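Spelled out, the chains give:
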Amino acid sequence: MDLTDIKRLVKLVETSDIEELHIQEKGFQIRITKRKGLSGEQTGAVPSVIPHVVSSTPPETKVKEAKVEAVEDKKSDNVVEIRSPMVGTFYRAPAPDAEPYVEVGDEIHPGQILCIIEAMKLMNEIEAEISGKIVKILVENAQPVEYNQPLFLVEKV
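Residues numbered from 1 in each chain as written. Predicted model: local features only at pLDDT ≥ 70, side-chain atom pairs only at ≥ 80, totals over all residues. Heavy atoms only, no water.

Details of the packing of aromatic side chains
Okay, step 1: Taken as a whole and judged by the stated rule, the model has one aromatic pair.
Okay, step 2: For the pair Phe90 and Phe152, a centre-to-centre distance of 5.9 Å together with 55° between the ring planes defines the contact as tilted. In this pair, Phe90 sits in strand β5 (residues 88-91) while Phe152 sits in strand β11 (residues 150-156), placing the two residues 62 residues apart along the sequence. Assigned by exposure class, Phe90 and Phe152 land together as buried. (Phe/Tyr/Trp six-rings, centres within 6.5 Å; stacked < 30°, edge-to-face > 60°. Helix = DSSP H or I, 4+ residues; strand = E, 2+ residues; numbered from the N terminus. Buried < 20%, exposed > 50% of the residue type's maximum accessible area, 1.4 Å probe, protein only.)

Points about the nonpolar core
Okay, step 1: In terms of nonpolar packing, the biggest core is built from 19 residues, with Phe90, Ile108, Leu114, Ile134, Leu151, Phe152 and Val154 touching the most fellow members.
Okay, step 2: Residue assignment for this core shows that the elements contributing at least two residues are β7 (113-119), β9 (132-137) and β11.
Okay, step 3: No other element matches the four residues that β7 contributes to this core.
Okay, step 4: Filtering out sequence-adjacent residues up to four positions away, Ile134 remains in contact with Val102, Glu103, Val104, Gly105, Asp106, Ile108, Phe152, Leu153 and Val154. (Core = buried A, V, L, I, M, F, W, Y, C linked by side-chain atoms within 4.5 Å. Contact = heavy atoms within 4.5 Å.)

Some words on the sheet that holds strand β10 (residues 143-145)
Within a sheet, neighbouring strands are paired by backbone hydrogen bonds and run either parallel or antiparallel to one another.
Okay, step 1: Judged by pairing direction, the sheet is antiparallel, and its four strands sit side by side in the order β8-β7-β5-β10 without closing on themselves. In the strand order of this sheet, the two ends are held by β8 (122-127) and β10, each with one partner. Geometrically, the sheet is characterised by an average inter-axis angle of 40° between neighbouring strands, direction not taken into account.
Okay, step 2: Strand direction decides the pairing type here: β5 and β10, joined by three bridges, are antiparallel. Bridged to Gly88 within β10 is Val145. (Pairing = 2+ DSSP bridges. Axes fitted to C-alpha atoms, helices over the stretch in contact; angles between N-to-C directions.)

Quick notes on the confidence of the model for the chain
Okay, step 1: Of all residues in the chain, 71% attain a pLDDT of 70 or more, and the chain-wide mean is 77.
Okay, step 2: Note on residues 37-48: pLDDT is under 50 here. Beyond four places in sequence and across chains, it has 10 contacts.
Okay, step 3: Across residues 55-74, confidence stays below pLDDT 50; counting only partners more than four residues off in sequence or on other chains, it has 15 contacts. (pLDDT = per-residue confidence, 0-100.)

Topic: the side chain of Glu118
Okay, step 1: Inspection of the secondary structure assignment puts Glu118 in strand β7.
Okay, step 2: Despite being buried, Glu118 has no salt bridge partner; Lys121 is the closest side chain of opposite charge, sitting 4.1 Å away.
Okay, step 3: A distance of 3.3 Å separates polar atoms of two side chains, one belonging to Glu118 and the other to Tyr91.
Okay, step 4: In this view, Glu118 contacts Val87, Gly88, Thr89, Tyr91 and Met123; residues no more than four positions away in its chain are not counted. (Lys, Arg positive; Asp, Glu negative; His and termini not counted. Salt bridge = Lys/Arg side-chain N within 4 Å of Asp/Glu carboxyl O. Polar contact = N/O pair within 3.5 Å; in protein donor to acceptor, adjacent residues only side chain to side chain.)

Structure follows, in structure tokens:
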């Protein structure tokens, strides 16, 4: 199975009522799962597709673990975390020489692009679901991120 086949399968799951697809072949298996909304606030959000690829052959390169910074003790009830909806590589800007989507202190609103997470050579724009002000960016540019890892701290307005 090559990358083109995998992309077709991801598109199939995205555009259909299929919630999970699992395929197993000789020494290769893939599981593609639709991500459900987490709360009532997120209704209207398009579900993400989270592909999981498992191979029986060991990978040639090792992925460096991403550090998750501890949230400061002075975090108030008005500060919320924006978390990664998938595993991938975090990018603050659309291109290496472009300005970042957001900086600390920027006001954000629902639908505004905050960053990109690259997963399997697909660039996924991560949009804000709340209004607020960026208090802290918790991940460095071009670093790997895990599912549900905090990316930004936002003070709600």
